[in-house]
Structure formats: structure tokens, C-alpha cells
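# Tertiary structure, described
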Amino acid sequence: MPIVVLSSAGGLTEQSPCVDLLRDAGFEPRMIIDKKWSIGGGGGDDQTIENLRDAVGVVAWGEKYPAKVISSLPKLRVIARAGVGFDSVDLEAATAHGKVVTITPNANHEAVAEHSVALMFAVAKNLALDDRHIRSNLWQWMPTGTIRGKTMGILGLGRIGRSLAKRVRGLDMTIIATEKYPDEQFVREQGIELVDMKTLLARSDYLSVHLPLSEETSGIINADTLAAMKPGAVLINTARGALVVEKDLVAALRSGHLGGAGLDVFESEPTKEGNPLYEIDNVIMTPHTAGADEKSMQDMGTEASQYIIDLSQGKWPQWAVVNGDVKDGWKF
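Note that the structure is predicted; figures quoted are calculated from it, not measured.

Moving on to the sheet that holds strand S4 (residues 78-81). Pairing is parallel across the open sheet formed by five strands, whose spatial order is S2-S1-S3-S4-S5. Each end of this open sheet is capped by a strand with a single partner; those strands are strand S2 (28-32) and strand S5 (100-102). Here the average twist between neighbouring strands, direction ignored, is 20°. In the sheet, strand S3 (residues 55-60) pairs with S4 via four bridges, with the strands oriented parallel. In the strand pairing of S4, Val 58 is matched with Ile 79. Each of strand S1 (3-7) and S2 touches helix H1 (residues 17-24); the most contacted strand, S2, lies at about 150° to it. Sitting on the sheet, helix H13 (residues 294-312) is in contact with S1, S3, S4 and S5, with an inclination near 155° to S3.

Okay, the sheet that holds strand S9 (residues 206-209) next. If you walk across this open sheet you meet the seven strands as S8-S7-S6-S9-S10-S11-S12, and the pairing is parallel. The open sheet has two free edges, formed respectively by strand S8 (193-194) and strand S12 (283-285), since each of these has just one partner strand. Where strand S7 (residues 174-178) meets S8, two bridges bridge the pair, whose relative direction is parallel. Residue pairing in the sheet places Ile 176 in a bridge with Glu 193 of S8.

Our next topic: the packing of aromatic side chains. Scanning the entire structure with this criterion turns up four aromatic pairs. The interplanar angle of 75° and the centroid separation of 6.1 Å between the aromatic rings of Phe 27 and Phe 332 together place this pair among those described as edge-to-face. Taken together, the residues Phe 27 in the loop between H1 and S2 and Phe 332 in the segment after H13 connect sequence positions 305 residues apart. Between Tyr 307 and Trp 319, the ring centres sit 6.4 Å apart and the planes meet at 65°, which makes this aromatic pair edge-to-face. Taken together, the positions of Tyr 307 in helix H13 and Trp 319 in the segment after H13 put the pair 12 residues apart, joining distant regions of the chain.

Turning next to the pattern of salt bridges. Counting across every chain of the model gives 15 salt bridges. Between Glu 216 and Lys 180 there is a salt bridge; the shortest N-O distance is 2.7 Å. Residue Glu 216 is located in the loop between S9 and helix H11 (223-227), and its partner Lys 180 is located in the loop between S7 and helix H9 (184-190); the two are separated by 36 residues in the primary sequence. Like Glu 216, the residue Lys 180 is exposed in the burial classification.

Glancing now at the pairing of strand S10 (residues 234-237). Alternating residues of S10 divide into Val 234 and Ile 236 and Leu 235 and Asn 237, and every residue in both groups is buried. With four bridges joining them, S10 and strand S11 (residues 260-263) adopt parallel strand pairing. Counted as the bridge partner of Asn 237 is Leu 263 from S11.

Those residues of helix H8 (residues 159-168) not exposed but buried are Ile 160, Gly 161, Ser 163, Leu 164, Ala 165 and Val 168. Looking at the packing, one finds that the buried side of H8 touches helix H6 (109-124), strand S6 (151-155), S7, H9 and S9.

Here the focus is the nonpolar core. Judged by nonpolar contacts, the single largest core of 27 residues is most densely connected at Met 229, Leu 235, Leu 249, Leu 253, Leu 258 and Leu 277. At the level of secondary structure, the elements contributing two or more residues to this core comprise helix H10 (197-203), S9, helix H12 (246-254) and S11. With four residues, the single largest contributor to this core is H12. If sequence neighbours within four positions are ignored, Leu 249 has contacts with Leu 226, Leu 235, Val 244, Leu 258, Ala 261, Leu 263 and Leu 277. Within the second largest apolar cluster, 26 residues are counted, among which are Val 19, Met 31, Met 297 and Ile 309.

Turning next to the pairing of S11. Neither face of S11 is left uncovered, since the one carrying Gly 260 and Gly 262 and the one carrying Ala 261 and Leu 263 both have all their residues buried. Running through H12, the crossover from S10 to the neighbouring parallel element S11 is right-handed. Bridge count for S11 against S12 is three bridges, and the pairing is parallel. Across the sheet, the residue bridging to Leu 263 is Met 285, located in S12.

Our focus in this paragraph is the packing of H1 against H13. At a closest axis distance of 8 Å, the pairing of H1 and H13 adopts a crossing angle of 15°. Classified by the angle their axes make, H1 and H13 are roughly parallel. Where H1 crosses over H13, the handedness of that crossing is right-handed. Where H1 approaches H13, its residues Pro 17, Cys 18, Leu 21 and Leu 22 are matched on the opposing element by Gln 298, Gly 301, Thr 302, Ser 305, Gln 306 and Ile 309.

What follows is about the environment of Pro 182. As for its position among the elements, Pro 182 is in the loop between S7 and H9. Judged by its relative accessible area of 21%, Pro 182 falls in the partly exposed class. Pro 182 sits 87 residues away from Thr 95 along the chain, and the two C-alpha atoms are 29 Å apart. The contact partners of Pro 182, leaving out residues within four places of it in the chain, are Val 187 and Leu 194.

Parameters at a glance
Chains are numbered independently. Their residues run from 1 in the order of the written sequence. Restriction of local features to residues with pLDDT of at least 70 applies here, the model being predicted, together with a cutoff of 80 or more for giving and counting side-chain atom pairs; totals for whole chains, interfaces and linings are based on all residues. The side-chain numbers reported here are obtained from all heavy atoms of the structure, hydrogens and water having been left aside. Any two strands with at least two DSSP-identified bridges between them are counted as paired. Per the convention used, a helix needs a DSSP run of H or I reaching at least four residues, while a strand needs a run of E reaching at least two, with both numbered from the N terminus. Note on definitions: angles span 0 to 180 degrees between N-to-C directions of axes, and those axes are lines fitted to C-alpha atoms, for helices only across the stretch in contact. Should any heavy atoms of two residues lie within 4.5 Å, those residues are considered in contact. Stacked, tilted and edge-to-face pairs are distinguished by plane angle, under 30 degrees for stacked and over 60 for edge-to-face with tilted covering the rest, among Phe, Tyr and Trp rings (Trp via its six-membered ring) whose centres lie within 6.5 Å. Any Lys or Arg side-chain nitrogen found within 4 Å of a carboxyl oxygen on Asp or Glu counts as a salt bridge. Burial classes follow relative accessibility: with a 1.4 Å probe on protein chains only, a residue under 20% of its type's maximum area counts as buried, one over 50% as exposed, and anything between as partly exposed. Nonpolar cores are built from buried Ala, Val, Leu, Ile, Met, Phe, Trp, Tyr and Cys residues. Side-chain atoms within 4.5 Å join them into one set. Handedness of a crossover is defined as follows: with both strands directed away from the viewer, a clockwise route from the first strand across the helix to the second makes it right-handed. Roughly parallel covers angles under 35 degrees, roughly antiparallel covers those over 145, roughly perpendicular covers 65 to 115, and oblique covers all other angles. It is the rotation of the near helix from the far one that decides the hand of a crossing: anticlockwise by less than a right angle makes it left-handed, clockwise makes it right-handed.

So this is what it looks like as C-alpha cells:
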């Protein structure tokens, strides 16, 4: 039977629904019990090549797929990313070597939206700092930030941005957003005001970033855009670390221009020892776990596996394929 490789990094086990799904479709699911390999690509290119040498498909997590890996795996037909990001895959090389790359657009957007709200509350209410103080037998308090009546700015109204808007709507906040291709009906139903980038920066008390990483968006939050943000505003980033120039963010936080930041993603992951963000009390950090709640992890595994099955059966999930140029003449 054709082999599909899965990894335990996403909380998947031999009992996960996606394993039965693949087996019922005629595949041999092969589980790699090595979280180091698929979290941040810790296992390296050679390990990825070895793990996937006989596979026709892979449910991919954090491991990297540069040209070297892609060209070394002639049997591999589908790289099914668990998540919506695909910057870990060299798309040009994948297309050149006839490998379809898919994402899971339906599985984890609600989890990321929930995490964005959690970060907003954590920063506004000084949760981490107060927790550390109490554990150090220091009982003190200061006024915390307010959520109700404030303005939430959303940069990017894709699935995650829309999920965030639905949750924020119940918090008595004004919602504004910047989006090139908005869902007009959704915008009307949720009472969202569409604004340009300049207005978004100037009016947002909390600015949550929900953009894909591309040449156009890389470093979009930089010294200039940070300076244009409302004094005392809080930045939330659960999208991609490279969207934010970290040294510029550090400067804006240290100067007091920004009131805080909630970050799930970073320029370098894992973060490096001595990162200046560690020294700033009004920064809350999590290790790229926004989309990783228990339900979303299982859902991502199932959705990614289903796309491998669909492609093997001649179906083309165009909403999930990110390198559509490979379609002409492609065969499983």
C-alpha cells in the first residue's frame, strides 16, 4: 500500500481519526514518533528525507521543505501542510518537481482567533506580571487596561480575521479592519468599518495582525507603521513572526509608545536566548501555539489527510492547493 507519513508532533496518535481515514482509503499510515523532527524543523533536511523516502504523501507540521528535500523525494506527490502557512515549503521547487502543496484552511482559524483574544486580555489585564508577583510573595496592584468601549483593529479579514471579529463583537468593542478583498456581506453583518492602513494604525487600541507572509507583507509592522499606531496601543501577532520587525517593536515598547504586545510568533523560532523581548514586562509570549488546541490539531490532521485522499482519487481541492500551477498534467 502507498505510504503516508504523519507525525506525533501535532498530538496525532495511531488512534487519531485521520489514521483510520487514510487506512480506509487504501493507504499505509506511518507515524513518526519524533517531535523534534517536525517542530521547527529540528531534525534537519537529512532526517526529513529519511523519514519520507518511501512516502507518497505527508501530513506536514513544522519541518522544512527546501529544494534539497523536495528534489530528493521522487515518490512524494503531496505535501499536505497542517495549518494555513506554507512558508516552510519551497513552492517553486515543489511545482518544478510535480508535488502538490496543500494547506488546511478550515481546521484551526477558530483556535487562532481564540488565542488572539486571550493574548489581548492577558496584556490588558497584566495577567502574567501579576502572576509572577504573587508567586514572589509580592502583593501589589495597579489599574489595568480596558477592553469594553475600545477599538479593535484587524489587519486582514481572512478566515482567522473574520473569526476574531465574531468573538470581539460580543466584547462591546468597535471593530475596524483593513482588507484588500473583503467579504462585504460579513462586514455588514458584523458591523465592521473598513478603513485604510493609515486609519487602522491611528485608531486601533488593539491591533491584531492576520496576514499571510509574502514579499509584500514581510516586515509590514516596522518602525514607520509602529510610529503611526495610536499611543498606548497593543499589538497582537498570531500570524507570522516575519510580519513584524522585532527590533522596531522592542524600540516602540521601550519608549512607551506602545502599551504592550501579545506575540505567538517570532522572527526566529524557537526564540533565541537573550531576546530583548524577554526583558519587557508588558509583552506576553507563547510558543507558536495559537492554532494548536486539542480539537484543531485533530481537525488539521483529518483535513490534510482528506486532501491526500482526494488527490489520489483525481479530485482537485483548489481551495486548499497553494501551487495551482502544478495542476496541468499532474498525476498521483
